[in-house]
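Residue strings, one per chain:
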Amino acid sequence: MSFNNGMFVLIIIAFLLSLWAQFRVKGTFRRWSEVPNQNGMTGYDAARHMLDANGLHDVPIEPVRGSLSDHYDPINRVVRLSEPVYYEKSISALSVACHEVGHAIQHKESYPMLALRHRIFPIVNFASGLAPFLLIAGFIFNAMNLVGIGIIFFSVTVAFQLITLPVEFNASNRAREIMVSEGYIRNEEEKGVAKVLNAAALTYVAAALISLLELIRYIGIFNSRD
């Protein structure tokens, strides 16, 4: 099996892993959204308490439509929770809400990887838009200079995804530690929290793996035609 064929097989496997990861996170969230937390806290309650306990009284929490559309907006310094997470009193709601607050705490403490991700985001936004067109044009017209530039731009996107991994894992670790130490959950509920957060993290790992393998494949093609 040639290098290109072998890489293509690996990318397909990684793509299937990504589909499985998305299926798993939705299934895990749905499973634990049916399990109420014993303290009767909504996602909003937990997020508000966690923000206030960390001196982030000025950071608002807003409900947004959609499923798993939860995120922390570092520009406007707002925690946005999907309506099921905002209003429900489930293990899933608490887990996701506290994870997003974990990002707000990272922002407050200038967590290095989060700061780096914010700093390179404008570059990534520009590079990710141009990279596919440069690569396609380069391969169609056999213009290896365009392919080379496309690979450089695509590398920026891959770097961004790799930087995202420690940011997400750190936010989840912060969330779990605070949820336990502050008594948001009981000991027997920690297993459910771990399942929800781990399933979500797997989607980032799968996405980063696909992009990394694609980058290696592009580099291999470029080197073979150089």
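The chain is annotated in an unreviewed UniProt entry as Zinc metallopeptidase from Paenibacillus amylolyticus.

1. Things to note about the overall build of the chain
A count of helical and extended segments in the chain gives 7 helices and 3 strands. Mapped in sequence order, the helices and strands of the chain form the string α-α-β-β-β-α-α-α-α-α. Expressed along its principal axes, the backbone C-alpha trace of the chain runs to roughly 60 × 35 × 30 Å. Across the 226 residues of the chain, 45% fall into the buried class.

2. Thoughts on a nonpolar patch on the surface
Together, F8, I12, F15, L16 and L19 give the surface a local cluster of nonpolar side chains, amounting to about 470 Å² of exposed area. Tracing the sequence through the fold places L19 in helix α1 (residues 3–33).

3. So, unusual backbone geometry
Of note in the backbone geometry, S110 takes a positive phi value of approximately 55° without being a glycine. Following the sequence through the fold, S110 ends up in the loop between α4 (91–108) and α5 (112–140). A positive phi is found at N142, a non-glycine position, where the angle reads about 55°. Its place among the elements puts N142 in the loop between α5 and α6 (144–181). Owing to a relative accessible area of 52%, N142 belongs among the exposed residues under this scheme.

4. Description of the nonpolar core
L51, V79, L81, M179 and Y184 are the most contacted members of the largest nonpolar core, which has 32 residues in total. At the level of elements, α1, α2 (43–53), β3 (78–82), α3 (83–87), α4, α6 and α7 (190–225) are the ones that each hand at least two residues to this core. Here the element with the most residues in this core is α4; it accounts for 9 residues. If we ignore the near neighbours within four places in the chain, the residues touching L51 are L56, H57, V59, I61, V79, V101 and A104. Core analysis: the second largest hydrophobic core is formed by 9 residues, A131, L135, I151 and L215 among them.

5. As for the UniProt feature "transmembrane region" (unreviewed entry) in the chain
When the UniProt feature table is mapped onto this chain, "transmembrane region" (unreviewed entry) is found at residues 6–23, 120–141, 147–169 and 196–220. The distance separating the terminal C-alpha atoms of residues 6–23 is 26 Å; by composition the span is 100% helix and 0% strand. When the span residues 120–141 is considered, its composition is 95% helix and 0% strand, and the gap between its end C-alpha atoms is 31 Å.

6. What to know about the sheet that holds strand β1 (residues 61–64)
The 3 strands are arranged β1-β3-β2 in an open sheet whose pairing can be described as mixed. Two strands lie at the open edges of the sheet, namely β1 and β2 (71–73), each paired on one side alone. Along the sheet, successive strands turn relative to each other by an average axial angle of 30°, direction set aside. In the sheet, β2 pairs with β3 via 3 bridges, with the strands oriented antiparallel.

Rules used throughout
Residues numbered from 1 in each chain as written. Predicted model: local features only at pLDDT ≥ 70, side-chain atom pairs only at ≥ 80, totals over all residues. Heavy atoms only, no water. Helix = DSSP H or I, 4+ residues; strand = E, 2+ residues; numbered from the N terminus. Buried < 20%, exposed > 50% of the residue type's maximum accessible area, 1.4 Å probe, protein only. Patch = residues over 30% accessible without salt bridge, like charges linked within 9 Å, V, L, I, M, F, W, Y side chains within 5 Å. Areas by Shrake-Rupley, 256 points an atom, 1.4 Å probe, with all protein chains shown as cover. Salt bridge = Lys/Arg side-chain N within 4 Å of Asp/Glu carboxyl O. Core = buried A, V, L, I, M, F, W, Y, C linked by side-chain atoms within 4.5 Å. Contact = heavy atoms within 4.5 Å. UniProt positions renumbered as here; feature names shortened; annotations may be inferred. Pairing = 2+ DSSP bridges. Axes fitted to C-alpha atoms, helices over the stretch in contact; angles between N-to-C directions.

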